[in-house]
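Coordinate analysis (summary)
Read off the chains here:
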Amino acid sequence: ARRVVGIGMMRPESPRLDGGMMSFREACGALGKRATRLKSADAALAASDASMKKCLTAADLLLLGVGGVIGGGVFVLTGAAAHDHAGPAVVISYVLASLTSMITGLCYTEFAVETPVAGSAYNFVSMAFGEFAGYLCGCNLALELTIAAAAVARGWTSYVATLFHASPDALRIRIGRGAHDEERGSSASFVELDFAAAALVALVTALLAYGMKETARFNTSVTAISLLVIFFVITFGGARVEKENWTPFAPGGVEGVLAGASVVFFSFVGFDTVATCAEETRDPGRDLPIGILGSLGICATLYALMSLVITGMVPSSEIDVQAPFAVAFRDRGMPWAESLISFGAVAAITTALLSSLMGQPRVYMAMARDGLLPRWFGTVHGRLGTPVNASAFTGVSTATLALTVDIETLAQLVSIGTLVIFAGVCAGLLVRRHTPETAIHEPYELSLKSRQPALRRVALLTLACVAFAAFSSSLVARGVALGGAAAATVSFNTLPRHHQPTKGFATPFVPYVPALGVLATTQLIASLGALAWARFGVYTVLCSALYVWYGAAGIRGGWGPGSDGRLDAFRVMRESDDEGDAEGGVEMTPGGVSGGVSGGVSGGVSGGVSGGVSGGGGS
């Protein structure tokens, strides 16, 4: 017989009792049951690597958040959102996106303070919905951060070119020819290779691999430069605002404002990166709220002011999409300011790139600890205290995208994934607060049964929010949908709360704040085009197929999730068919359980157990 002792995300289902190799179909059945089991916060903490240096302070996190958010939003996406979607009403787009981010940030902060380990939303969703949902979240985080970094790197190249009074595309090499582009007056390139962006990604990756504290110091210096330039733009640009440029204020109407909010929401990815650094924070209970919420508040204010300045200086239809602020000052008779703004933009975009490249390896590392990626990704350098392998992989993949793909396509790809992750974290907080602790360790059927009340309410809330977004042309239908969302939210008050925050931070007004986050993110998701949904659907199917293949192969081969090769959740112990004894001890990796087991298994008890199954965990 084969029994399993586990803490952490899942207890894998038993292999065949006849000792033979599982078929792929049987392995898929075991994987299906395991996919919805919950990750334990205690296991996540136990799996954290002691070689990760706890060196980040509240000031470090605050500046990492500000640096990560500012570059991507103001200097890269503001022009595109105003020009293509919202017009001067892009300021409202930023307000909506920032409010949604602030609500989501409250939920992120509670999760991060309670479980201060690397992985961010991947861990949060795994604890609320199970391994498969967490895996999809991790895959979307990987895509989100990779694309964010590549898009920002290409924006960096544009500003470096304008710094030397050249066109934004001057540093790119065009390969091939497409249709005639009348605006450029020349043949448009089929591919624009951006070697400068790829080189920048390589340099920042090397810095991140060298050390976290050194990275934080570099970020502080560069962020200070970008903030000084932003204050210059607000002061001198505000003096050259022409109010008539704000008319019409919202040429795209409500739909244009929402579409703009969906695009610029990409610029708030930076605070998510702060949460991925929780494992390297000295005092998570105090420092993480300051880093996450403080950076969001500062950036939201600067976004609003900067968007008003650019749309007041230049009619929205004439804004340069590649480098809006530098070109605006040049065209308004301040060529000397063009270089200054470009220099500040280069600084801001550098810290935004650093932020994205910093978060992604830590997501890979967390997934590798849980056996969802090869353990190579989970390696932490003993002296440097950084995930060097995951950082190298991130650098190569990001540099490849930055070299070959244009910024507008990248922004469209990332927005929907970011929004879905944020909605998942808000919904996950509702489920987490109302899920019994026993559901983590109970057998498959009992675990699902005990979680159903909270899951049903979240499903109803989500469906009502989707209906509210879908029936935009019918006030009656939207009213009914909004009433359904409100009823689903209030119904959470009838459930007992099982997970109250105990480490210094709690999201206020639960369940109303998380439910509002689900509603807001759903509206932004609905405003995205069909092409974004198609891309998201294809990516989700591919990730799901990879999960099934990798998980089932690992169960069959004994090297993947739920096998002896697992890093943090459990080890598998084979017992003798005849004697009922374990053939060896059970060893949990850091912080786990170790000891000899004779005659049976006692769930949740550390030490040797003799005489059968005892305690409350079952066998």
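For every chain, the first residue of its written sequence is number 1, and the numbers climb from 1 along that sequence. Only residues with pLDDT of at least 70 get local features here, since the model is predicted, and only at 80 or more are side-chain atom pairs given and counted; chain-wide, interface and lining totals rely on the full set of residues. Working from all heavy atoms in the structure, the side-chain values ignore hydrogens and water.

**Observations concerning the overall build of the protein chain**
Note the threshold: A run of H or I in DSSP counts as a helix once it spans at least four residues, and a run of E counts as a strand once it spans at least two, with each numbered from the N terminus. Here the term buried applies to any residue with accessible area under 20% of the maximum for its type, exposed to any over 50%, and partly exposed to those in between, with areas from a 1.4 Å probe on protein chains only. Residues are treated as being in contact if the distance between any of their heavy atoms lies within 4.5 Å. Areas reported here follow the Shrake-Rupley algorithm with a probe of radius 1.4 Å; residue values treat only the protein chains shown as occluding.
For the protein chain, the helix and strand inventory stands at 19 helices and 8 strands. Out of the 619 residues belonging to the protein chain, those deemed buried represent 58%. When contacts within the protein chain are restricted to residue pairs at least 6 apart in sequence, those whose partners lie at least 24 apart make up 76%. As displayed, the protein chain offers around 23400 Å² of accessible surface, 64% of which is attributable to carbon and sulfur atoms.

**Overview of the packing of helix H13 (residues 335–369) against helix H14 (residues 388–404)**
Rules: Interaxial angles span 0 to 180 degrees and are taken between N-to-C directions of axes, which are lines fitted to C-alpha atoms, for helices over the stretch in contact. Should an angle fall under 35 degrees it is called roughly parallel, over 145 degrees roughly antiparallel, and 65 to 115 degrees roughly perpendicular, with every other angle called oblique. Crossing handedness follows the turn of the near helix against the far one: under a right angle anticlockwise gives a left-handed crossing, and clockwise gives a right-handed one. Under the scheme applied, nonpolar residues are Ala, Val, Leu, Ile, Met, Phe, Trp, Tyr, Cys and Pro; charged residues are Asp, Glu, Lys and Arg; polar residues are all the others, including Gly.
H14 packs onto H13 with a crossing angle of 125 degrees between their chain directions and a minimal axis gap of 8 Å. Here H14 runs oblique to H13, going by the angle between their axes. Crossing handedness for the pair H13 and H14: right-handed. On H14, the residues touching Leu-357, Gln-360, Pro-361 and Tyr-364 of H13 are Ala-390, Ser-391, Phe-393, Thr-394, Ser-397 and Thr-398. Looking at the contact of H13 with H14 residue by residue, the class counts come to 5 nonpolar, 5 polar and no charged.

**Brief notes about the confidence of the model for the protein chain**
Caution applies to low-pLDDT parts of the model: their predicted coordinates are not meant to be read in detail. Heads up, the rule is: How sure the predictor is of each residue is captured by pLDDT, a score from 0 to 100.
Per-chain confidence: the protein chain averages 80 in pLDDT, with 81% of residues scoring 70 or above. Within the protein chain, the element-level pLDDT minimum falls on strand S6 (residues 570–574), averaging 31, and the maximum on helix H17 (residues 475–491), averaging 95. Low pLDDT (under 50) marks residues 182–187, which in the prediction has 10 contacts with non-local residues, meaning those over four places away or in another chain. Below a pLDDT of 50 lies the segment residues 563–619, which in the model reaches 126 contacts outside its immediate sequence neighbourhood of four places, other chains included.

**A word on the state of the cysteines**
One way to say it: the disulfide is the covalent bond shared by the sulfur atoms of two cysteines. Defined as follows: For this text, the term disulfide refers to a pair of cysteine sulfurs within 2.5 Å.
Applying the stated criterion across every chain yields a total of 0 disulfides. Free of any disulfide, Cys-139 has its nearest neighbouring cysteine sulfur in Cys-543, separated by 3.7 Å. Look at Cys-139 and you get buried, because its relative accessible area is 10%.

**With respect to the pattern of salt bridges**
Between side chains of opposite charge, pairing is possible as soon as their charged atoms come close. As a reminder of what qualifies: The working definition used for a salt bridge is a side-chain nitrogen of Lys or Arg within 4 Å of a carboxyl oxygen of Asp or Glu.
Here the structure, examined in full by the defined rule, presents 12 salt bridges. Lys-39 serves as the salt-bridge partner of Asp-370, at 2.7 Å between the closest nitrogen and oxygen. With Asp-370 in the loop between H13 and H14 and Lys-39 in the loop between helix H1 (24–34) and helix H2 (41–47), this pair connects stretches of sequence that are 331 residues apart. Through salt bridges with shared partners, a single ionic network connects Asp-169, Arg-172 and Asp-194.

**Section: the packing of helix H4 (residues 90–114) against helix H9 (residues 253–264)**
Geometrically, a packed helix pair is captured by the angle between its two axes and the distance between the axes. Across the interface, H4 lies against H9 with an axial gap of 8 Å and an inter-helix angle of 55 degrees. Relative to H9, the element H4 lies oblique. Taken as a pair, H4 and H9 cross one another with a handedness that is right-handed. Side by side, H4 and H9 meet where Ile-92, Ser-93, Tyr-94, Leu-96 and Ala-97 of the first sit next to Val-257, Leu-258, Gly-260, Ala-261 and Val-264 of the second. Counted by class, the contact of H4 with H9 contains 8 nonpolar, 2 polar and no charged residues.

**A few points about the nonpolar core**
Going by this rule: We define the nonpolar core as a collection of buried residues of types Ala, Val, Leu, Ile, Met, Phe, Trp, Tyr and Cys that are connected through side-chain atoms lying within 4.5 Å of one another.
Core analysis: the biggest nonpolar cluster contains 150 residues, and Tyr-108, Val-233 and Leu-353 have the highest contact counts within it. For Leu-353, the contacting residues outside a window of four places in its chain are Ala-149, Val-152, Ala-153, Leu-200, Val-201 and Val-204.

**Let's talk about a nonpolar patch on the surface**
Quick note on the threshold: To count toward a patch, a residue needs a relative accessible area above 30% and no salt bridge. Like charges then connect within 9 Å, nonpolar side chains (Val, Leu, Ile, Met, Phe, Trp, Tyr) within 5 Å.
Together, Ile-92, Leu-96 and Phe-249 line one region of the surface with nonpolar side chains, adding up to about 210 Å² of accessible area. Its place among the elements puts Leu-96 in helix H4.

**Notes on H17**
So the rule is basically this: By this rule, a helix spans an expected 1.5 Å times one less than how many residues it contains. To be clear, the arc concerns the directions from the helix axis to the C-beta atoms.
Between the first and last C-alpha of H17 there are 24 Å, a value that for 17 residues agrees with the 24 Å anticipated at 1.5 Å per step. Residues Ala-481, Ala-485, Ala-488, Thr-489 and Ser-491 constitute the buried set of H17. Buried residues of H17, viewed axially, fall in a sector of 165 degrees; they line one side. Exposed side chains of H17 directed beyond 90 degrees from the buried face belong to Leu-475, Val-476 and Val-480.

**Focus: the side chain of Glu-114**
The line we're drawing: The positive count covers Lys and Arg only, the negative count covers Asp and Glu only, and His and the chain ends enter neither. Polar contact is defined as a pair of N or O atoms within 3.5 Å, subject to the rule that within protein one atom must be able to donate a hydrogen and the other to accept it, and that residues adjacent in sequence are counted only when both atoms are side-chain atoms.
Along the chain, Glu-114 falls in helix H4. Look at Glu-114: it is buried, it has no salt bridge, and the nearest opposite charge is Lys-503 at 5.4 Å. For Glu-114, the side chain forms a polar contact with the main-chain nitrogen of Thr-502, separated by 2.9 Å. If we skip the residues at most four places from it in the chain, Glu-114 touches Leu-45, Pro-501, Thr-502 and Lys-503.

**Some remarks on the side chain of Thr-507**
Mapped onto the elements of the fold, Thr-507 is located in the loop between H17 and helix H18 (512–526). Classification of Thr-507 by relative accessible area gives buried; the value is 4%. A distance of 3.0 Å separates a polar side-chain atom of Thr-507 from the backbone oxygen of Leu-106. In contact with Thr-507, not counting residues within four places along its chain, are Leu-106, Cys-107, Glu-110, Leu-429, Arg-433 and Val-513.

**Points about H13**
Between its first and last C-alpha atoms H13 spans 52 Å; for 35 residues at 1.5 Å apiece the expected length is 51 Å, and the two agree. The element H13 is extensively covered by neighbouring structure, given that 30 of its 35 residues are classed as buried. Backbone geometry just after H13 places Gly-371 at a positive phi near 80 degrees.

**Comments concerning the environment of Leu-207**
Position of Leu-207 relative to the elements: it lies in helix H7 (residues 195–210). By relative accessible area, which is 21% here, Leu-207 ends up partly exposed. With 151 residues separating them along the chain, Leu-207 and Met-358 place their C-alpha atoms 9.9 Å apart. Look past the residues within four positions of Leu-207 in its chain and what remains in contact with it is Thr-215, Phe-218 and Leu-354.

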